[in-house]
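A closer look at the structure
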Amino acid sequence: MFLLVENSEQAKRLLPIYMLTAGVDFVQPPARRPNGAPLHQILFVDRGAIRVRCGKGEFLLKQGNAIFMQKGYPIFYERAGEESRTGWISFDGEGVEPLLRYFNAEPFSCQSDAPVKELRRTCTKAVEHKAPSELLSRLVYDLVITYFQSLRAEKKSSALRAAKAYVEERYRDDLSVSDMAAAAGISPSLLYRLFRGEQGCTPVEYLRAVRLGHAKRLLLEAPQMPIARIATACGFADTAYFCKVFRDREHMTPGGYRSLYMS
């Protein structure tokens, strides 16, 4: 199924973004585009999987993925397996490039299609019913904005998960915020904002809480282990600092905690 939008030359000249095609490939044919596609598009994997090769590497994208491909970006994709169905919305306009710059968009990206699934359906229905260009412009603008907003949110969530996983793995070491940020692939300032916004604490406070959690576990699971060894094993610089942090957080000493819960 291929639907072509009949935009006037005036619409293409004056609208900041306009929709051009919408459709479905029931059997995804190989698409070899060494010079890239002539239009920006968001491609949807509706069934099966497709294999994509581009400057970012090779990807196997499965049902439920949505993919942005910037026009002019060299790319190759084909179905992976016997069954595959894809759909797409293509668009262009003078307003697209500023949007991509605003979101620091890469020429190729992918994510779950869940955030844009309903908008895609609305866009396709509007094309089927020959909606006016200005309505299609608004719909595809919403589609593009929503795609990149959700992609940005997912990247932030992924970075935060990576930082937390790094802390869980390396809490015994002398970690800095820069170390945590590097493991997450983001700047220290962004890491700070993510922890403040999502965890309600700073990265250092989160690290301290993880160390304390492991210390509390050791206090009970290894009742013969000296407090000094527990402090070292959990990444605290010295016993005095460990005891201070523990008392500030738990309102008792490590030894008092052990006695309370081991009695």
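That block above? That's the structure.
Since this is a predicted model, take the numbers as computed values, not measurements.

Regarding its fold elements, the chain presents ten helices and eight strands. In terms of C-alpha radius of gyration, the chain reaches 26 Å, well past the compact-globule figure of 18 Å for 263 residues. Projecting the C-alpha coordinates of the chain onto the three principal axes gives extents of approximately 80 × 40 × 30 Å. Taking all 263 residues of the chain together, 44% fall into the buried category. Once local pairs closer than 6 in sequence are excluded, the contacts in the chain between residues at least 24 apart make up 70%.

The next thing to look at is the nonpolar core. By size, the foremost hydrophobic cluster in this structure holds 29 residues, and its most contacted members are Met-19, Ile-42, Ile-89, Phe-91, Val-140, Tyr-147 and Phe-148. Of all the secondary-structure elements, those providing two or more residues to this core are strand 2 (18-25), strand 4 (40-54), strand 6 (65-69), strand 7 (75-92), helix 2 (96-102), helix 3 (117-128) and helix 4 (133-170). The element that contributes the greatest number of residues to this core is helix 4, accounting for nine residues. In contact with Met-19, not counting residues within four places along its chain, are Val-5, Asn-7, Ile-89, Ser-90, Phe-91, Cys-123, Val-127, Leu-136 and Val-140. Judged by nonpolar contacts, the second largest core, of 18 residues, contains Tyr-166, Leu-175, Leu-207 and Val-210.

Turning our attention to helix 7 (residues 203-221). Given a rise of 1.5 Å per residue, 19 residues ought to cover 27 Å, and the 27 Å separating the end C-alpha atoms of helix 7 matches this to within 8%. In this fold, the buried residues of helix 7 make contact with helix 4, helix 5 (177-184), helix 6 (188-199), helix 8 (227-233), helix 9 (239-250) and helix 10 (254-262).

With that settled, consider the packing of helix 4 against helix 6. The contact between helix 4 and helix 6 brings their axes to 10 Å, and the two run at 95 degrees. For the element pair helix 4 / helix 6, the angle class is roughly perpendicular. Contact residues: helix 4 offers Lys-156, Ala-159, Leu-160, Ala-163 and Lys-164, while helix 6 offers Leu-191, Leu-194, Phe-195, Glu-198 and Gln-199. Considered class by class, the residues forming the contact of helix 4 with helix 6 number six nonpolar, one polar and three charged.

Throughout the structure, instances matching the rule amount to twelve aromatic pairs. Consider the rings of Phe-68 and Phe-148, whose centres lie 5.1 Å apart with planes at 75 degrees: the pair is edge-to-face. Of the two residues, Phe-68 sits in strand 6 while Phe-148 sits in helix 4, which places them 80 residues apart along the sequence. On the accessibility criterion, Phe-148 (4% relative accessible area) is buried. Among the aromatic residues, those joined into a cluster by ring pairs are Phe-236, Tyr-241, Phe-242, Phe-246, Tyr-257 and Tyr-261.

By the secondary structure assignment, Asp-92 is in strand 7. Polar side-chain contacts of Asp-92 include one of 2.9 Å to the side chain of Lys-71. In contact with Asp-92, other than residues within four places in its own chain, are Pro-16, Ile-17, Tyr-18, Leu-20, Pro-38, Leu-39, His-40 and Lys-71.

Summarising the element assignment, Pro-107 is placed in the loop between helix 2 and strand 8 (108-112). Given the relative accessible area of 28%, Pro-107 is considered partly exposed. In this structure, the C-alpha to C-alpha distance between Pro-107 and Phe-68, residues 39 residues apart in sequence, is 7.4 Å. Once residues within four sequence positions are removed from consideration, Pro-107 is found in contact with Phe-68, Met-69, Gln-70 and Tyr-73.

Here we take up the pattern of salt bridges. Per the counting criterion, the structure on display carries 13 salt bridges. Residue Glu-118 is joined to Arg-121 by a salt bridge in which the shortest nitrogen-to-oxygen separation is 2.5 Å. Residue Glu-118 and its partner Arg-121 are located together in helix 3, separated by three residues, close to a single helical turn. Since its relative accessible area comes to 40%, Arg-121 is described here as partly exposed. We note a salt bridge from Arg-170 to Asp-173, for which the minimum N-O separation is 2.5 Å. In this structure Arg-170 comes out as partly exposed when scored by relative accessible area, which is 33%. Relative accessible area serves as the criterion here: at 30%, Asp-173 is assigned to the partly exposed category.

Basis of the calculations
- Residues numbered from 1 in each chain as written.
- Predicted model: local features only at pLDDT ≥ 70, side-chain atom pairs only at ≥ 80, totals over all residues.
- Heavy atoms only, no water.
- Helix = DSSP H or I, 4+ residues; strand = E, 2+ residues; numbered from the N terminus.
- Rg over C-alpha atoms; globule rule 2.2 N^0.38 Å.
- Buried < 20%, exposed > 50% of the residue type's maximum accessible area, 1.4 Å probe, protein only.
- Contact = heavy atoms within 4.5 Å.
- Core = buried A, V, L, I, M, F, W, Y, C linked by side-chain atoms within 4.5 Å.
- Expected span 1.5 Å × (residues − 1).
- Axes fitted to C-alpha atoms, helices over the stretch in contact; angles between N-to-C directions.
- Parallel < 35°, antiparallel > 145°, perpendicular 65-115°, else oblique.
- Nonpolar A, V, L, I, M, F, W, Y, C, P; charged D, E, K, R; others polar.
- Phe/Tyr/Trp six-rings, centres within 6.5 Å; stacked < 30°, edge-to-face > 60°.
- Polar contact = N/O pair within 3.5 Å; in protein donor to acceptor, adjacent residues only side chain to side chain.
- Salt bridge = Lys/Arg side-chain N within 4 Å of Asp/Glu carboxyl O.

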